[in-house]
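As a plain string of letters, each chain reads:
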Amino acid sequence: MHSRQGLTGRRGLGYGERLSFSIALVVVSLLWITQDMALWATVLCGVGAVGGTLGVLYFGWRYLRARTDAQ
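Residues numbered from 1 in each chain as written. Predicted model: local features only at pLDDT ≥ 70, side-chain atom pairs only at ≥ 80, totals over all residues. Heavy atoms only, no water.

## Some points on the overall build of the protein chain
Helix and strand counts for the protein chain stand at two helices and zero strands. Relative to its 71 residues, the protein chain shows a buried fraction of 18%. In the protein chain, the proportion of contacts linking residues at least 24 apart, taken out of those at least 6 apart, comes to 58%. As displayed, the protein chain offers around 6000 Å² of accessible surface, 66% of which is attributable to carbon and sulfur atoms. (Helix = DSSP H or I, 4+ residues; strand = E, 2+ residues; numbered from the N terminus. Buried < 20%, exposed > 50% of the residue type's maximum accessible area, 1.4 Å probe, protein only. Contact = heavy atoms within 4.5 Å. Areas by Shrake-Rupley, 256 points an atom, 1.4 Å probe, with all protein chains shown as cover.)

## Quick notes on helix 2 (residues 39–70)
Its 32 residues place the ends of helix 2 46 Å apart at the C-alpha level, agreeing with the 46 Å of an ideal helix rising 1.5 Å per residue. Inspection of helix 2 places Ala41, Cys45, Gly48, Ala49, Gly52, Gly55, Phe59 and Gly60 among the buried residues, and these make up the whole buried set. Considering only its buried residues, helix 2 is in contact with helix 1 (15–33). (Expected span 1.5 Å × (residues − 1).)

## Concerning a nonpolar patch on the surface
On the surface, Ile23, Val27 and Leu31 cluster together to form a nonpolar patch covering roughly 270 Å² of accessible area. Mapped onto the elements, Leu31 comes out in helix 1. The exposure class of Leu31 is exposed, given its relative accessible area of 55%. (Patch = residues over 30% accessible without salt bridge, like charges linked within 9 Å, V, L, I, M, F, W, Y side chains within 5 Å. Salt bridge = Lys/Arg side-chain N within 4 Å of Asp/Glu carboxyl O.)

## Quick look at the environment of Arg18
Position of Arg18 relative to the elements: it lies in helix 1. The residues contacting Arg18, other than those within four sequence positions of it, are Leu13 and Phe59.

Okay, here's the thing in structure tokens:
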């Protein structure tokens, strides 16, 4: 039987794509944190930078493990 993949036949995001999004989140958060904003917005940018960094570490590790297991 065929698996149900939707109209595009595309699978979910892989570790490499999630790693890229995490890096982008860190970069954007650090760029915005340099602006003069309200305290709550600065805290939100800090949370985004920390969350993105954790994502980079996690998805980077998973991406490297998936690449070495495939070879």
